[in-house]
Amino acid sequence: MAKKKLSDSLVKELAEEVKEWGSMKQTGVSLKHMMNFGGSSKNLLISAQFVHKELPIRIARRVIELENLPYGLSSKNAVLQVRDWYLDSFRDLRSYPEIKDKNDDLKFTQMVKMIKVRHNNVVPMMALGVKQLKKERPQFDYKDLKEVHQFLDRFYLSRIGIRMLIGQHVALHDPNPLPNCVGYIHTKMSPLEVVRDASEDARSICLREYGSAPEVNIYGDPNLTFPYVPSHLHMMVFELVKNSARAVQERFMDSDDDAPPIRIIVAGGLEDVTIKISDEGGGIPRSGLPKIFTYLYSTAENPLDEDFTTTGAATACTMAGYGYGIPISRLYARYFGGDLQILSMEGYGTDAFLHLLRLGDSQEPLP
Amino acid sequence: MAAKKLYESFSKELIEEVHRWGSMKQTGVSLKYMMEFGSKPTPRNLLISSQFLHKELPMRIARRVIDLQTLPYGLSLKPAVLKVRDWYLDSFRDLRSFPDIKDENDELEFTKMINLVKVRHNNVVPMMALGVQQLKKDLHPKIDYKDLDEIHQFLDRFYMSRIGIRMLIGQHVALHDPNPPPDCVGYIHTKMSPLEVARDASEDARSICLREYGSAPKVNIYGDPNFTFLYVPTHLHLMVFELVKNSLRAVEERFVDSDKVPPPVRIIVADGLEDVTIKISDEGGGIPRSGLPKIFTYLYSTARNPLDEHSDLDTIDLATVSTLAGYGYGLPISRLYARYFGGDLQIISMEGYGTDAYLHLSRLGDSQEPLP
């Protein structure tokens, strides 16, 4: 049963420890640094020691934020559950002894892996908390809840960082890594290839839902590669193409005309790799554009229901497969110094511009 | 010789009057209102319009005088800026000394007078640009365009206000035209075809490109030829001309030493419920993300200033004036035109590929003038 306030619990020392670690300075890492930090035994030890010190700092910050949300969001059951997950993880990390050798590291790696699994459902759980808030205050518009948006942006961005650090450390232990891969990072990722895969996945979803799916035409240099995290790019492109396909289907559903294809251009510059995804799905009015980046108007179906049990056959891996739409895709883009911009022509269609830094030397944003 | 400070050559009463009028509340007008009002240019309506302008213009002009006097980094003291201030002061005086407008004759005299005011201010943009250039010379070379944010914001407000003043004057003067073209109310075309304006502006831009490079990429335009809406064609022409000009130049420069045929510039005209959106896409190689904010600044204008350091600021001949009128001052001013009637201009680029410009024009026409 989730406890209401930290101070009500028996562990006052924990509260003080959280406060202490929550005010320590975080250390950001760049993609380049992560990539150059391969999986030698010496490095694994250093990595474990870094993660051992860094994670509690980041996690403690989030606990403090979760306790201080506006509009009573902090006391919603779903939010308390998330706070407890973070607290448990903080405790696990702080109670783990110093890592001195390979065995310590292996056990530590198992432990942080479990932490990652514990936090798998944070996004839909937080969304549930926000839903609970909206129910109580139906008069609130997305504009009124700016503070909540900003919190969620920081919170989810931090989560991306934490999961990247853990995932990368765990992946470095893989005895048989794929060629050109350092953990999650592919040093020679072909954006064209990832875009192709993600588009096909999006088309499958569309086919299942509508019985048909628009074509996706992709233009770009097949030899262009750069270091990036393919799973991140896959997630973002999947999300954007899914939205485009849906818009086009809905627009041409009752029409005799063929649905126009979605067009994707992959461009390589000196600073950026830019991926533009264009559709003729009818566009979004200028006044409606700010809404698409908010969390409070997510059109995605929440895989969790009111009593926190997963609905139907939804499993952890299904939920992991769905980004929570556009705002989270933008966070992924920004995580490594990129960006996501969406422009629309009402009555015609929408263009999404995904900018990815080519050099990988941008440090993690640390909200 | 432009006097340095206001009190050095102008009377105390004038200074006080400027301050008084500069703090009065401005009244904005919407495109729709201008159209409805101007559709019946009866002598009575023209009288009302002139009386409104007689009160409104001095307020807007006085505000700008005060702004011009209080610019940061010593910009206010640059000779070119003092010249502009003097133009605004002279116009303020002309308006304030004009007697009450009581009949048709008064009204005709007034209309002539404000038309001259408009002509007096024809070269404000290049003159201010010269002032900024004079400032840049004096500034520490390490100062970057980012540091001069205050000046950018001032120039945005200043030029936006100028668009409004010239629209009000121009519209009033145009309403006196005894033979207006069909469907037109002054500067406003009630059934403007954006496709047609885009075509004309593109052709003008291609001519410039041809003259400069000996060739010009094609421009393909897609959109509903029957679609029309309420707008000011000269404004749209200016914006599209500027954007297509930039696109053509980028494509030419990229393909100048190449055997390949330069890819066409593509324009899409889309009509929605709220907006008419015009997208201008080129494959001119794009702009790096880090360089994008610069293109909307005034301090890094790549346009050649027709006035230079050696121009005698007092004697600008007719030839220079007409040359100057042909140049928009690029993207930042196009964006102001777009925003003037509630629209916007956004530019996104794909480094290594090309650039897209999105021109949003509010379809409803009920957006009130922004009054900085």
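Residues numbered from 1 in each chain as written. Chains lettered and ligands numbered in written order. Predicted model: local features only at pLDDT ≥ 70, side-chain atom pairs only at ≥ 80, totals over all residues. Heavy atoms only, no water.

Could you give an account of the overall build of chain A, naming the residues involved and the relevant values?
The helix and strand tally for chain A stands at 11 helices and eight strands. The buried share of chain A, reckoned over its 367 residues, is 53%. For chain A, contacts bridging at least 24 residues in sequence account for 78% of all contacts bridging at least 6. (Helix = DSSP H or I, 4+ residues; strand = E, 2+ residues; numbered from the N terminus. Buried < 20%, exposed > 50% of the residue type's maximum accessible area, 1.4 Å probe, protein only. Contact = heavy atoms within 4.5 Å.)

Quick rundown of the overall build of chain B? Include the residues and the values.
When helices and strands are counted, chain B shows 12 helices and eight strands. Evaluated residue by residue, chain B yields a buried proportion of 52% over its 372 residues. For chain B, contacts bridging at least 24 residues in sequence account for 80% of all contacts bridging at least 6. For chain B, the exposed area adds up to about 17400 Å²; of that, 53% sits on carbon and sulfur atoms. (Areas by Shrake-Rupley, 256 points an atom, 1.4 Å probe, with all protein chains shown as cover.)

Give a detailed account of the nonpolar core, specifying residues and quantitative values.
The biggest cluster of nonpolar side chains holds 98 residues, and the ones touching the most others in it are B:M128, B:L236 and B:L359. By residue number, the principal contributor to this core is helix α8 (residues 149–174) of chain B, which donates 11 residues. Ignoring sequence-local partners within four residues, the contact set of B:L236 consists of B:M192, B:P194, B:V197, B:Y231, B:I278, B:L359 and B:L361. In this structure, A:L73, A:A78, A:F293 and A:I326 belong to the second largest nonpolar core, which totals 96 residues. (Core = buried A, V, L, I, M, F, W, Y, C linked by side-chain atoms within 4.5 Å.)

Quick one: what's the story with the sheet that holds strand β5 (residues 265–271) of chain B, residue by residue and with numbers?
Residues and elements named next belong to chain B. The mixed open sheet is built from five strands, whose spatial order is β3-β5-β6-β8-β7. The open sheet is flanked by β3 (219–223) and β7 (344–350), the only strands paired with a single partner. Between one strand and the next, the sheet's axes are offset by a mean angle of 15 degrees, whatever the strand orientation. Bridging between β3 and β5 involves five bridges; their strand directions are parallel. Each bridged residue has a counterpart across the sheet, and for G223 the counterpart in β5 is V269. Here helix α9 (residues 194–213) sits on the sheet and contacts β3, β5 and β6 (275–281); the angle it forms with β3, its principal contact strand, is near 175 degrees. With respect to the sheet, helix α10 (residues 233–255) is in contact with β3, β5, β6, β7 and β8 (354–362), its orientation differing from that of β8 by roughly 175 degrees. (Pairing = 2+ DSSP bridges. Axes fitted to C-alpha atoms, helices over the stretch in contact; angles between N-to-C directions.)

Let's hear about the environment of B:I280: which residues, and what values?
All names here are of chain B. If you trace the backbone, I280 turns up in strand β6. On the basis of relative accessible area, I280 is assigned to the buried category, the value being 1%. Excluding its chain neighbours within four sequence positions, the residues that come into contact with I280 are V240, L243, V244, S247, V265, R266, I267, T355, D356 and A357.

Before we move on, can you summarise the interface of chain B and chain A with the specific residues and values?
Of the residues lining the interface, 27 residues belong to chain B; the matching set on chain A comes to 27 residues. Here chain B and chain A share an interface that buries about 2300 Å² over both sides, 54% of which is from carbon and sulfur atoms. On the chain B side of the contact with chain A, B:R289, B:M350 and B:E351 bury the most area, a combined 33% of that side's loss. Our count for the chain B to chain A interface comes out at four salt bridges. In this structure, A:D351 engages B:K279 in a salt bridge whose closest nitrogen and oxygen atoms are separated by 2.5 Å. On inspection of chain B and its partner chain A, the count reaches 17 residue pairs in polar contact (both at pLDDT 80 or more). Secondary structure elements with two or more residues in the side of chain B that touches chain A: β5, β6, β7 and β8 of chain B. For the side of chain B that touches chain A, the element with the highest residue contribution is β7(B), accounting for five residues. (Buried area = accessible area lost by both parts, 1.4 Å probe. Salt bridge = Lys/Arg side-chain N within 4 Å of Asp/Glu carboxyl O. Polar contact = N/O pair within 3.5 Å; in protein donor to acceptor, adjacent residues only side chain to side chain.)

I'd like a rundown of the packing of helix α8 (residues 191–210) of chain A against helix α9 (residues 230–252) of chain A, residues and numbers included.
Working note: a packed helix pair is described by the angle between its axes plus the distance between those axes. Residue and element names in this part refer to chain A. The N-to-C vectors of α8 and α9 enclose an angle of 40 degrees; their axes lie 8 Å apart at closest approach. Of the possible angle classes, the one that applies to α8 and α9 is oblique. Pair α8 / α9 crosses with right-handed handedness. Together, P191, V194, V195, D197, A198, S199, D201, A202, I205, C206, E209 and Y210 of α8 and P230, L233, H234, V237, F238, V241, K242, A245, R246, Q249 and E250 of α9 make up the contact between the two elements. Partitioned by chemical class, the residues of the contact of α8 with α9 number 14 nonpolar, three polar and six charged. (Parallel < 35°, antiparallel > 145°, perpendicular 65-115°, else oblique. Left-handed = near helix turned anticlockwise from the far one by under 90°. Nonpolar A, V, L, I, M, F, W, Y, C, P; charged D, E, K, R; others polar.)

How would you summarise the packing of helix α5 (residues 102–118) of chain A against helix α7 (residues 146–171) of chain A if you had to cite specific residues and measurements?
Residues and elements named next belong to chain A. Packing of α5 against α7 brings their axes to within 10 Å, and their N-to-C directions diverge by 140 degrees. If you check the angle between α5 and α7, you find them oblique. Where α5 crosses over α7, the two elements pack in a sense that is left-handed. From α5, D105, F108, T109, V112, K113, I115 and K116 reach across to α7, where they touch R163, I166, G167, H169 and V170. When grouped by side-chain class, the residues that make up the contact of α5 with α7 number five nonpolar, three polar and four charged.

Tell me about the pattern of salt bridges, residues and numbers included.
This model, assessed by the stated rule, comprises 36 salt bridges over all chains. With a shortest N-O distance of 2.7 Å, A:D272 and B:R289 are connected by a salt bridge. With one member in each of two chains, A:D272 in strand β6 (residues 272–278) and B:R289 in the loop between β6 and α11 (318–326) form a pair that bridges those chains. A relative accessible area of 2% places A:D272 in the buried class. Assessed through its relative accessible area of 24%, B:R289 is described here as partly exposed. We note a salt bridge from B:R85 to B:D86, for which the minimum N-O separation is 2.9 Å. Residue B:R85 is classed as buried on the basis of its relative accessible area of 1%. The network of salt bridges with shared partners includes A:E54, A:R58 and A:E364.

Outline the confidence of the model for chain A, supporting the account with residue identities and numerical values.
This prediction gives chain A a mean pLDDT of 88; 89% of its residues lie at or above 70. Across residues 310–323 of chain A, where pLDDT falls below 50, the model places 16 contacts with residues more than four positions away in sequence or in other chains. (pLDDT = per-residue confidence, 0-100.)

How would you explain the sheet that holds strand β4 (residues 229–231) of chain B if you had to name every residue and give the values?
Strand pairing in a sheet relies on backbone hydrogen bonds, with the paired strands running either antiparallel or parallel. All names here are of chain B. What the three strands build is an open sheet, ordered β1-β2-β4; its pairing is antiparallel. Two strands in the sheet have a free side with no partner beyond their single neighbour: β1 (184–185) and β4. Bridge count for strand β2 (residues 188–192) against β4 is two bridges, and the pairing is antiparallel. Pairing of M192 across the sheet is with F229, part of β4.

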